[in-house]
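Structure at a glance
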Amino acid sequence: MLSVKALFTEYPNERGETVKAAQDVSFDVPEGKLFTLLGPSGCGKTTTLRSIAGLERPRSGEISIGERVVYSSGRNIFVAPNRRNFGMVFQSYAIWPHMSVFKNAAFPLEVASARVNRAEIDRKVMRVLGTVGLDHLASREATKLSGGQQQRLALARALTMEPKLLLLDEPLSNLDAKLRERMRFELKRLQRELRLTTVYVTHDQGEALALSHEIAVMNEGRIVQIGAPRDIYERPHNRFVADFVGSANFLEATVIGRDDRADIYQVQTAIGNLLAFAVEPLKPGDGVVISLRPEDTQLSAHRPDTLNAFEGVVEAKLFLGEFIEFQIKLGDMLMLARVHPSFSPQVGTKVYIGMNPEKCVAIPDDARHRKA
């Protein structure tokens, strides 16, 4: 439904230097799906969203929604933001403090170029307020709402126009941790039930993994990987994605050769030889980085029956309720492991760490390739 092709957006900063905010950004969002732009501050995700909304004019590229082109540098097309029929919810919510809940939600319809009669406005607003669970607060002053209620009101205001596309820019970042967690479920429910085609911007990996049908990870203005949440987390294509989305242990390694199993390779590391999975084909001598999630490590008091088993010593541990986080010293390096509290060896105790080859992901080591 939404198609973004070869989008370049640049602007001058306060020193007059050119900031390359979006560089060759391309992706498609099918109808009814939630697509997330995920990345650190300054990576270009909000600039990309604002370009889709029409609040930024890109240098080049094309943006279309269905058959309708809203921006094209090649065809000199630029549709004004108010004519795109996109709903947008900002980080600040931008609630009108002098209006009631009902008036806030009705405002887009009251100022729309296409006239909507009073009865139709009332019907649409109350239906949307009911959807987000605010119909019983229609007459309340907007300033007397809680943070979560204000977030839902901002969403309701965007929905009253029945937008073809919903754009969400860090909508949960101003909420406290527990409320943010509840609102994730609420947003996911609304998006699925209403089948809203949505582009969501966040720097929060948990949010992206919980809400998205598909995620584009951005860094320095470019998309570095697009995939389903599980693929992004379990099969990162590069070290940046592995490091930014969740936490990971990294081991520098050199490929020895291919194992009998498809996509499994034997590699040499500082802690010894091990077997690892690779997304792309590798050849002997290739430099790679092994990424292993802390929760995919298997700690035990006795050597496990697996090829990837190493002896280590508990350097430190943290009790975090649902799991214990350990630092395990293996030779000269520390490995992070997360295990169930039922296994709790003391600091200084000898333990064995097992690593499933399918969970040891071999990523091409770009830094070593550049040096070569």
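Since the structure is predicted, the reported quantities are computational estimates derived from the model, not experimental observations.

**Observations concerning the overall build of the chain**
Check the secondary structure of the chain and you find 9 helices and 21 strands. In terms of principal-axis extent, the alpha carbons of the chain reach across some 75 × 50 × 45 Å. The buried share of the chain, reckoned over its 372 residues, is 49%. Long-range pairs, those at least 24 residues apart, make up 62% of the contacts in the chain with a sequence separation of at least 6. Here the chain has roughly 18200 Å² of accessible surface; of this, 49% comes from carbon and sulfur atoms. Side-chain charges in the chain split into 48 positive and 45 negative, and the spacing between the mean points of these groups amounts to 6 Å.

**Considerations on a positive patch on the surface**
The grouping of Lys33, Lys188, Arg192 and Arg195 at the surface amounts to a positive patch. Along the polypeptide, lysine 33 turns up in the loop between strand S2 (18-29) and strand S3 (34-38). Under the relative-accessibility criterion, lysine 33 is labelled partly exposed at 33%.

**Digging into helix H1 (residues 45-53)**
Burial of H1 is extensive: 7 of the 9 residues sit out of reach of the surface. Residues of H1 that are buried: Lys45, Thr47, Thr48, Leu49, Ser51, Ile52 and Ala53. Phi turns positive, to about 95°, at glycine 54, one or two residues after H1.

**Regarding the environment of glycine 221**
Along the chain, the position of glycine 221 falls in the loop between strand S10 (214-219) and strand S11 (222-227). Residue classification places glycine 221 among the buried positions, given a relative accessible area of 0%. The spacing of glycine 221 and lysine 45 is 176 residues in sequence and 7.6 Å in space, taken between C-alpha atoms. Setting aside its immediate chain neighbours within four residues, glycine 221 contacts Lys20, Ala21, Ala22, Gln23, Val25 and Cys43.

**A word on the sheet that holds strand S4 (residues 60-65)**
Spatially, S2-S1-S4-S5-S6 is the arrangement adopted by the 5 strands of the open sheet, whose pairing is antiparallel. Edge positions in the sheet fall to S2 and strand S6 (77-78), since each of these pairs with one other strand and no more. Note that S4 and strand S5 (residues 68-72) share 4 bridges and pair antiparallel. From the neighbouring strand, serine 64 faces S5, where its bridge partner is valine 69.

**Overview of the pattern of salt bridges**
Tallying each qualifying case throughout the model produces 23 salt bridges. Aspartate 122 is the salt-bridge partner of arginine 118, the closest N and O atoms lying 3.5 Å from each other. On the criterion of helical spacing, the pair formed by arginine 118 and aspartate 122 is a turn pair, its members being 4 residues apart in helix H3 (residues 118-131). The exposure class assigned to arginine 118 is partly exposed, which follows from its relative accessible area of 41%.

**Considerations on the pairing of S11**
In terms of strand pairing, S10 meets S11 through 5 bridges, oriented antiparallel. Looking across to S11, one finds that valine 217 is bridged to glutamine 225. Counting the residues in the hairpin turn of S10 and S11 gives 2 residues, including glutamate 220, whose phi is positive at 50°.

**Examining the sheet that holds strand S7 (residues 86-89)**
Pairing is mixed in the open sheet, where 6 strands are placed in the order S7-S8-S9-S3-S10-S11. Only two strands of the sheet have a single neighbouring strand rather than two, namely S7 and S11. Sheet twist, expressed as the average angle between the axes of neighbouring strands with direction ignored, equals 20°. Those strands touched by H1 are S3, S7, strand S8 (165-169), strand S9 (198-202) and S10, and its axis lies near 150° from that of S8.

Definitions and cut-offs
- Residues numbered from 1 in each chain as written.
- Predicted model: local features only at pLDDT ≥ 70, side-chain atom pairs only at ≥ 80, totals over all residues.
- Heavy atoms only, no water.
- Helix = DSSP H or I, 4+ residues; strand = E, 2+ residues; numbered from the N terminus.
- Buried < 20%, exposed > 50% of the residue type's maximum accessible area, 1.4 Å probe, protein only.
- Contact = heavy atoms within 4.5 Å.
- Areas by Shrake-Rupley, 256 points an atom, 1.4 Å probe, with all protein chains shown as cover.
- Lys, Arg positive; Asp, Glu negative; His and termini not counted.
- Charge placed at Lys NZ, Arg CZ, Asp CG, Glu CD.
- Patch = residues over 30% accessible without salt bridge, like charges linked within 9 Å, V, L, I, M, F, W, Y side chains within 5 Å.
- Salt bridge = Lys/Arg side-chain N within 4 Å of Asp/Glu carboxyl O.
- Pairing = 2+ DSSP bridges.
- Axes fitted to C-alpha atoms, helices over the stretch in contact; angles between N-to-C directions.

Bear in mind that shape data such as this cannot, by itself, settle questions of function.
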